[in-house]
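# Commentary on secondary and tertiary structure
This is what each chain is made of:
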Amino acid sequence: MHEWIMNFLIALPAILWAITIHEFAHGYIAYKLGDPTPKITGRLTLNPFAHLDIIGFLALVLVHFGWAKPVMVNPNNFRIDPRKGEILVASGGPLANFLSAFVSVLVLKYFPFSSLPFNISEPLFLIFKYSIFINVAFGIFNLLPIPPLDGSKILEALLPPKLYYSYKKIEPYGPIILIILVISPLLNWILVPLVNIVINLMLMIT
């Protein structure tokens, strides 16, 4: 139990950052496209408490599946085609996670942790190590084309009208599908190989 608590406390900064940068990126891109909604609703911030959903965070801690408060966006305010804007906004969160993971890879590879006292260097090293896995996993998970994940919004914006309306019919069942994935081994079968591929690619190019 003590080891679990210690691991959680070390992983906590990486978890909070992954959630925060993901939601901030959604809001920032929408704002840059002309939608003031994220700014009005206080989501253009790197303060994690602005993005946390308490129940979603507790679920993340207890069952390793959770959620943040979704960023409210009004595509009608975009200065570009709303469908293109929705693709950019939805993609922003996962891309921010992948960028965070890549920066963590660079830090682990080039930062001289050995120059720090051991009681600082070890937890700091582990935080960045957790950051790689958590950010990549969070980014890939959100790209799954299951409502209400980002992948579903990207797919909706790409589908022709006939397929779009057919796809929207599964939207009410999205949370149920996600729960089934989480409580079954299916999610690990999907995520783990993809996470390993992305992390290995990042390691190769650095």
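So, how was this worked out
- Residues numbered from 1 in each chain as written.
- Predicted model: local features only at pLDDT ≥ 70, side-chain atom pairs only at ≥ 80, totals over all residues.
- Heavy atoms only, no water.
- Helix = DSSP H or I, 4+ residues; strand = E, 2+ residues; numbered from the N terminus.
- Buried < 20%, exposed > 50% of the residue type's maximum accessible area, 1.4 Å probe, protein only.
- Contact = heavy atoms within 4.5 Å.
- Salt bridge = Lys/Arg side-chain N within 4 Å of Asp/Glu carboxyl O.
- Axes fitted to C-alpha atoms, helices over the stretch in contact; angles between N-to-C directions.
- Parallel < 35°, antiparallel > 145°, perpendicular 65-115°, else oblique.
- Nonpolar A, V, L, I, M, F, W, Y, C, P; charged D, E, K, R; others polar.

### As for the side chain of Thr206
Along the chain, the position of Thr206 falls in the segment after helix H9 (186-205). Judged by its relative accessible area of 15%, Thr206 is buried. Each residue touching Thr206, except ones within four places of it in the same chain, is listed here: Phe102, Val105, Leu106, Lys109 and Tyr110.

### With respect to the pattern of salt bridges
The tally for this structure, following the rule as stated, stands at two salt bridges. Across the pair Glu171 and Lys168 runs a salt bridge whose closest N-O atoms are separated by 3.0 Å. Given a relative accessible area of 35%, Glu171 falls into the partly exposed group. Salt bridges sharing common partners tie together Glu156, Lys168 and Glu171.

### A closer look at the packing of helix H6 (residues 150-158) against helix H7 (residues 161-168)
At a minimum axis separation of 8 Å, H6 and H7 run at an interaxial angle of 150°. Looking at the two axes, H6 sits roughly antiparallel to H7. Facing H6, whose interface residues are Ser152, Leu155 and Glu156, H7 presents Tyr164, Tyr167 and Lys168. For the contact of H6 with H7, the per-class residue count stands at three nonpolar, one polar and two charged.

So yeah, pure geometry; function would need other evidence.
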